[in-house]
Amino acid sequence: MAKHLDLLQGTLDMLILKAVSLGPLHGYGVLLRIQQISRDRLEIQQGSLYPALYRLEHQGLIDSEWGESENNRKAKFYKLTVAGRRQLQEEAGRWNRMADIIAGILDTTREEI
Amino acid sequence: MRLSARVRSWFRASLRRTRMEREMDNELHFHLERYTEDLISEGVSPEEALRRARAEFGAIEARKEECREALGLRFFDDLRSDVRYAFRTLTKAPVFTTVVVLTLALGIGANTAVFSVLNTVLFRPLPYPQSERLVQMWSTNANTNRWGIWTAYPRFADWRRLATAFEEMAAVRFWVVNLTGGDHPEALDAVLASARLFQVLRVQPMLGRAFLPEEDQPGHDHVIILSYGLWDRRFGSDRAVIGRAINIDRQSYTVIGVMPAGFRFPPDLPPSQSIDAWLPPSPDPSRNERGSNNYYVVASLRPAITAAQAQAEMDAINHGLAEKHSEDRDLGVKVVGWQQQVGSDIRPVLLILWGAISLVLLIACANVANLLLARGAARQRDAALRQALGAGRARLMRQLLTESVMLALFGGAAGLSLAYLGLELFIRLAPDIPRLTETTMDAHVFIFSAALTLGTGLLFGIMPALHGSKVDLQDALKESGSRLTASSGRARLRSVLVMAEMALAVMLLTGACLLLRSFVHVQQVDPGFNGQNLLTAFVILPPSRYPGPRSQALFFRQLMDHIALIPGVECAGGADSAPMLSNDAGPVSIEGHEARPGERVIQAERPKITPDYFRAMGIRLLRGRAFTWADDENSPPVTFLVPCA
């Protein structure tokens, strides 16, 4: 059960922004980075990764350029733009507030009402 | 900022499409290769690794399609393939396509042509600078509750002196003057104008100058401005004409200016008429009479003053004038935007015409929709196949609508050329619509036509699209399936369309018949004279040469004799007013007849005529004799009573 946590709608975009905020990555690298920082607890549909990357670039949140990969092959690298950094902050803030609220609700005991 | 990023990204992807596709392909394959390598390094066999990588990634073409959609390219990709497909199907059915395009071309073309006229006559600003500030001022008569009588010159002079809401104000009157000298005399259609007319219009002569402020005053008012046409015709476009004296009504007038070729005033002059000259009101003997309402007043409002504010000021001024002058007692004043005023007579006619033409377009739409529905039956399997391959209903509808709009576009393009030709014809057929010669197909017309075309395409396409996209896969793909059920709905729809079409056509026919009947009725009314083969001409004698009635009568007697001698002329007569062209009626009383209280006073027109007038007009005398030139001022006066229907 733990391994196949489905991503909430819109969460993938935020995770991609976070992954590339730590340094430029190619598409496959984004996938590995998210798996690595989630300690393999999140599985990302590989097919949905690229449409999400294209969408974010289309919105001007990330930027891409071609470069050399680790094993000297040409690959397209993504990096965060200024607008993307702002967007990531906003979304992270919203996510944390929401998580607090939900956690507070779930922790409520009978005595507290 | 976000939007601009999207637009930039869309343009980049669209303009460098092949490069974008190649890079996308490289990127996705790089991913698959790296994943496969990673799986192999984890100990999976190469074949198995490749299989797993592909399975987890999903269909690569579908992924690409999603990426293209993310870049906003999908809409135009679909559009392009729809257009290509529609073009193929339309060229495969040339007869169908031709019939539809011609039908639409007629509907759209006629509508565009009428709109061009409407656009010019009703909406286009008058052909003078800052024409939105021009107003026309009418006198109104409170007693008869009738507005729209013209204004006496002295009254206009008071208005101009007292009003502050206007930059300039001018009064004009149509007149005919005789130009003599040179090889032949000529009667000129002239406009008598107060001095500031050209300041009101903000138009300057092409040569020379406009009137000076004092040039409508006696002693300064023997100046004249020529039209381009008269200057060209009579003076051989000689620039030295400025300052030359010419003979108008046997008095000397100095030419001070020539107006440019395109200048038309008044703006609502029918295209068949033109004005030859503008001069001060000096030839008009009635210009000092406060009871002669003969002038048409135009004015330009001061900036930031509205017609309503001007109206309020004019009402106050008018109140004061009515106290002072008995002639002004029952008169009011009305300030109207000149542009609205010019089109107001013809507006209902044009709107009716537009309505009728729009009905024709609706009928064309119903017709085309019907044809499309009939064709839809044959294409049911095609639609079913597309649906089986994954096309949604919306997608199918969009494809069908694309086809309809393309048909409409072809029709619209053909319609525009038709409108262009039709407009020429219309201008030739209806020469009495004001400002018709100004009519051109401007940007407004093209925008209207484009919107009309698109609207038409969607209108006639929507029902066939709704119907054509509703496919029962099972039935449609089975060769022998129950065709009957699918087509009975379509048959019902088609009969509804035919009924709507009939209803529209009947409406149109009824309207047309009523108009035709009114026309025939008007033609059949016996006006009391025979207008066939009758020519009329308008003659004004200059008072300086023909001062009294005797000399005038002598002139007309000689004129009648001369005209009667022209080969082909049967008979010539004259009158000082013609039937239906004047309403110069006045009260008539009969000697020895005691008017009973409450009895209606007889009102009659009292034209003065020459002996052969009745014969020339084909008016039959019931009893008695026509008079002769012997009935002059020395014999007892004679009068004719003409019975009227």
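Not measured: the values here are computed from a predicted model.

Undergrad: Help me out: how do you make sense of the overall build of chain A in this one?
TA: Helix and strand counts for chain A stand at four helices and three strands. Traced from its N-terminal end to its C-terminal end, chain A shows the element sequence α-β-α-α-β-β-α. A fraction of 50% describes how many contacts in chain A between residues 6 or more apart in sequence connect residues 24 or more apart. Looking at chain A as shown, the accessible area adds up to about 7000 Å², and 54% of this sits on carbon and sulfur atoms.

Undergrad: Sorry, what's going on with the nonpolar core here?
TA: Nonpolar side chains in soluble globular proteins generally cluster together in the buried interior. Formed by 40 residues in total, the largest nonpolar core has its most connected members in B:Phe166 and B:Leu226. The element best represented in this core is strand E3 (residues 166–180) of chain B, accounting for six residues.

Undergrad: What's the story with a nonpolar patch on the surface in this structure? I'm lost.
TA: A cluster of nonpolar residues, A:Met98, A:Ile101, A:Ile102, A:Ile105 and A:Leu106, forms a patch on the protein surface that exposes about 530 Å² of accessible area. Classification of A:Ile105 as exposed rests on a relative accessible area of 55%.

Undergrad: What is the right way to look at the environment of B:Thr112 in this model?
TA: All names here are of chain B. Relative to the elements of secondary structure, Thr 112 occurs in helix H6 (residues 94–123). For the pair Thr 112 and Leu 416, spaced 304 residues apart in sequence, the C-alpha separation works out to 7.1 Å. The contacts of Thr 112, once residues within four sequence positions are left out, are Leu 416, Ala 419, Met 441, Val 445, Phe 448, Ser 449 and Leu 452.

Undergrad: So what exactly am I meant to see when it comes to the side chain of B:Thr120 here?
TA: Residues and elements named next belong to chain B. Take Thr 120: it is sitting in helix H6. There is a polar contact of 2.9 Å between the side chain of Thr 120 and the backbone oxygen of Ser 116. If sequence neighbours within four positions are ignored, Thr 120 has contacts with Arg 435, Glu 438, Thr 439 and Thr 440.

Undergrad: Would you mind showing me how to read empty space enclosed by the protein here?
TA: In this approach the atoms are scanned with a rolling probe the size of a water molecule, which exposes any empty space left behind. All names here are of chain B. Tallying each qualifying case throughout the model produces one cavity of 30 Å³ or more. Its volume calculated, the largest cavity comes out at about 230 Å³. At the level of secondary structure, the elements contributing two or more residues to the lining of the largest cavity comprise helix H12 (347–378), helix H13 (380–388), helix H14 (393–429) and helix H15 (443–468). With five residues, H14 is the single largest residue contributor to the lining of the largest cavity.

Undergrad: Looking at this structure, how should I read the side chain of B:Arg17?
TA: All names here are of chain B. In this fold, Arg 17 is placed in helix H2 (residues 17–41). Note on Arg 17: relative accessible area 19%, which makes it buried. At 2.8 Å, the side chain of Arg 17 and the side chain of Asp 77 are in polar contact.

Undergrad: I would appreciate a short explanation of the environment of B:Ser577 in the present structure.
TA: Along the polypeptide, B:Ser577 turns up in the loop between helix H18 (549–565) and strand E12 (585–588). Separated by 31 residues in sequence, B:Ser577 and B:Lys608 place their C-alpha atoms 7.7 Å apart.

Undergrad: How should the interface of chain A and chain B be read in this particular structure?
TA: It is common to give the size of an interface as the accessible area lost on bringing the parts into contact. Contact with chain A, which involves 30 residues of that partner, is made by 27 residues of chain B. For chain A, the biggest contributors to the area lost against chain B are A:Tyr28, A:Tyr54 and A:His58; these three give 30% of the whole. Linking chain A to chain B there are three salt bridges. Between A:Arg73 and B:Glu33 there is a salt bridge, with the nearest N and O atoms lying 3.6 Å from each other. Applying the counting criterion to the chain A and chain B interface returns ten residue pairs in polar contact (both at pLDDT 80 or more). Contributions of two or more residues to the side of chain A that touches chain B are made by helix H2 (27–37), helix H3 (46–58), strand E3 (74–80) and helix H4 (82–107) of chain A. Among the elements that line the side of chain A that touches chain B, the one with the most residues is H3(A), at nine residues.

Undergrad: Looking at this model, I keep getting lost on unusual backbone geometry. Mind explaining?
TA: For residues other than glycine, phi is negative in most cases, and the peptide bonds are mostly trans. All names here are of chain B. Residue Pro 266 is bonded to the preceding Phe 265 through a cis peptide linkage, with omega at -5°. Of note, Pro 266 is situated in the loop between strand E8 (251–258) and strand E9 (277–279). Unusually for a residue other than glycine, Asp 249 sits at a positive phi of about 50°. By the secondary structure assignment, Asp 249 is in the loop between strand E7 (245–248) and E8. Positive phi, normally seen in glycine, also occurs at Asn 533, with a value near 55°. With respect to the helices and strands, Asn 533 occurs in the loop between helix H17 (483–524) and H18.

Parameters at a glance
- Residues numbered from 1 in each chain as written.
- Chains lettered and ligands numbered in written order.
- Predicted model: local features only at pLDDT ≥ 70, side-chain atom pairs only at ≥ 80, totals over all residues.
- Heavy atoms only, no water.
- Helix = DSSP H or I, 4+ residues; strand = E, 2+ residues; numbered from the N terminus.
- Contact = heavy atoms within 4.5 Å.
- Areas by Shrake-Rupley, 256 points an atom, 1.4 Å probe, with all protein chains shown as cover.
- Core = buried A, V, L, I, M, F, W, Y, C linked by side-chain atoms within 4.5 Å.
- Buried < 20%, exposed > 50% of the residue type's maximum accessible area, 1.4 Å probe, protein only.
- Patch = residues over 30% accessible without salt bridge, like charges linked within 9 Å, V, L, I, M, F, W, Y side chains within 5 Å.
- Salt bridge = Lys/Arg side-chain N within 4 Å of Asp/Glu carboxyl O.
- Polar contact = N/O pair within 3.5 Å; in protein donor to acceptor, adjacent residues only side chain to side chain.
- 1 Å grid on protein atoms, 1.4 Å probe; cavity = no way out; pocket = protein on both sides within 12 Å on 5 of 7 lines; lining within 4 Å.
- Points joined across faces, edges and corners; volume = space filled by probe spheres on them.
- Buried area = accessible area lost by both parts, 1.4 Å probe.

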